[in-house]
Structure formats: C-alpha cells, structure tokens
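Here is how the chains run, residue by residue.
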Amino acid sequence: MRAVVLEEAKRLSLREIALPDTVGPHDVRVAIHTVGVCGSDVHYYQHGAIGPFVVREPMVLGHEASGTVVEVGGAVEHLHVGDRVCMEPGIPDPHSKATRLGLYNLDPAVRFWATPPVHGCLTPTVVHPAAFTHRLPDGVSYAEGALVEPLAVGLHAAIKAQIKPGDLAVVMGAGPIGMLTALAALAGGCSRVVITDVQQPKLDLAATLGPIVPVNVARQDLAEVVHSLTDGWGADVVFEASGNARAAAGVFEPLCPAGRVVYIGMPGAPVPLDIVAAQVKEARIETVFRYAHVYPRALALLGSGRIDVKPLITDTFAFEDSIAAFEYAARPRPESVKVQIALPQ
C-alpha cells in the first residue's frame, strides 16, 4: 500500500509499504479522505524521536484522520459501508487495568498511530477497531472531521478544568491546540478567553473566533491584561498549551486565588515550578495526556455548530504533495494554523 513513510529523521518517502490489512469481526476498513499534520508528526520528521519514543525503523506518519467506511467486520452493528467517520488513533489493551477503570488513554500498552513502532494513517485505507471509529454528523466535512483529534485534547483539558459558567480563562499558545482549547473553554461555559502568543497573525485569527482577547506577550504583560479584565482578581483557569518552558513556569501569575491550572503542552525538558506561588493561591494543578471518552462530545459540538473549526484549516495539500506538506509544516507562514493532506477519492 502506498503511504507517507518516515525513513529516518529528515527523510520522508511516498512509497509502497506492507501494512496490516485483515478486517477482523470487530473492525472496519476506512478509505482515508483527510489527514491533519500534527506537531508531533513534524517533530518525528525533524528529530526522529519524541522523548522515549524513537523511530528505529520506517514508520507511516499521520494520526488525525477522517474517511469513509468501505468494509465492516461481521460483529460490527453501529457502522455501515458508506458512513463518513473519524477515528481515535489510540487503541488500548481492552483487558488492562487502565482501560477497565475508564482511563484508556493512560494504558501503558496503548498503540497510538504514528508513535513508534506503530504505523500511522497517511495511506489510502486503514483497518481500525469499530469501537474507536465515530460517525460524522451531517454537515460536518471530512476536513472538520480530521480536526476532531486535536479538538478532543482541548475538550479533555476543559473537562479537567471543571469550568463554571462565566469563568474567564487564559490559554497560553495560539497554535492549533491552543485555539481549539479556547473554543472548548467557551463551549464549556467560559464567558471570555485570553489567548497569548508571539505571532500576531495567529492572534488576529484567534480574535475572530469568539469572545477571545489576544495578547502578544512580546509586547504586552499578560498579568496586567488579565487583572484589568477581572478588577485585579485574576483568571479562573489557565491552560498552558504552548509547551514553552517560560510560559509553563509562569502559569500562576495571572491566576486568581483558588484557580485551576491545566498543563497541555509538553516542554522539551523539565521546567521549574514555583510551588510557593501555587500554594499562596491554593492553585489546583491538572495535567492531560491525549484524551478519553471525548470524541462523542467533540462531534456533538461540531454537529450543533457550537464549535466551528473551519477557520483553523489554513493549508491543504494533495496526497502526492505530502512531502512538501511536511516541509511546509516545519517552517509555516506566521498565519498558518492547521495543515491538512487530502487523499484522492
């Protein structure tokens, strides 16, 4: 099967590769339509590793995908040939303790697309468990469906934050995850979101997505902006979505007393944590790793129109231009948010 293959760091191929192709009784075969290029894909492309996950042999990239069911296993009842779907890329061990507790994203044995040594989905078709394949609502495009995976991260973070109606949130980082977290926070009940970055074009786009206040931290003081919006009280929730070490270390400054911090971004190295700054505010600290039980919520919000992700899809490449797509995603224009690859139908 033809696929986008990471041969080693900095070397991609679009070539034939042998992949698992048997549809079991609880599986479906999906013809892939759209695949998003994630920051992790780009990181593997550039460096060949993320932490302990090292590319030691050729690996197919891609994990944000949508497509059409073209074959169903004999035991599958909720999906049919022709259904438009998106897929959760992480498949846990159904018998593990984490899965039995409902924490399937934390299963140490989870097999996640495009995480070594597991192949991803930048191929014409994939075989996937039906239990982790979700039908797209009418009116939700394949391109939007391919954004459900990163949206799920933002929704998982919003759920962990225990947002209350009227809360003000800060989102640090206006990349795809940051913007989707801002949309999730608004959908979860926040009255306003302050979003930060150093790239003004991304902030300008974020400001068009709803009651979102952009703050360019290269020019403005975040804490001053938040305090001016809250009469000096501070933000109810701070989401750190940039992975920037300085941002990760500074989450408590704009936070209100008894506020909540949710770490989403993953810094490349350990960062300092000011315990006293957290203690004097009795801050509650949450972390997220991917998501669990969130895809149905994400699809319901897209289907109802409560969340609109279309403005975030800024760049689309053909499958034949996949290598160019990754080269572009490694050095995108400042206004670029989400790069996607569309496969021929």
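The structure we're discussing is the one just above.
Residues numbered from 1 in each chain as written. Predicted model: local features only at pLDDT ≥ 70, side-chain atom pairs only at ≥ 80, totals over all residues. Heavy atoms only, no water.

Visitor: Sorry, what's going on with the sheet that holds strand E15 (residues 212-216) here?
Guide: Sheet strands line up and pair through hydrogen bonds in the backbone, either parallel or antiparallel. Here we have six strands laid out as an open sheet, ordered E15-E14-E13-E16-E17-E18, and parallel in their pairing. Strand pairing shows two members of the sheet lacking a second neighbour, E15 and strand E18 (284-287), which therefore form its edges. Ignoring strand direction, the axes of neighbouring strands in this sheet form an average angle of 20°. Inspection of the sheet shows strand E16 (residues 235-240) paired to strand E17 (residues 255-263) by five bridges, in the parallel sense. Within the sheet, the bridge partner assigned to Glu240 lies in E17 and is Tyr263. Taken strand by strand, helix H4 (residues 148-160) contacts E16, E17 and E18, and its axis lies near 155° from that of E18. Sheet strands in contact with helix H7 (residues 222-229) are strand E13 (168-172), strand E14 (192-197), E15 and E16, and its direction is about 165° off that of E13. (Pairing = 2+ DSSP bridges. Helix = DSSP H or I, 4+ residues; strand = E, 2+ residues; numbered from the N terminus. Axes fitted to C-alpha atoms, helices over the stretch in contact; angles between N-to-C directions. Contact = heavy atoms within 4.5 Å.)

Visitor: How do you make sense of the sheet that holds strand E1 (residues 2-8) when you look at a structure like this?
Guide: Ordered in space as E2-E1-E6, the three strands form an open sheet in which the pairing is antiparallel. Each having just a single partner strand, strand E2 (11-16) and strand E6 (59-60) make up the two edges of the open sheet. Taken together, the two bridges between E1 and E6 define a ladder with antiparallel strand orientation. Across the sheet, residue Val5 finds its bridge partner in E6, namely Val60. Where helix H11 (residues 322-330) meets the sheet, its contacts fall on E1 and E2, and the angle it forms with E2 comes to roughly 160°.

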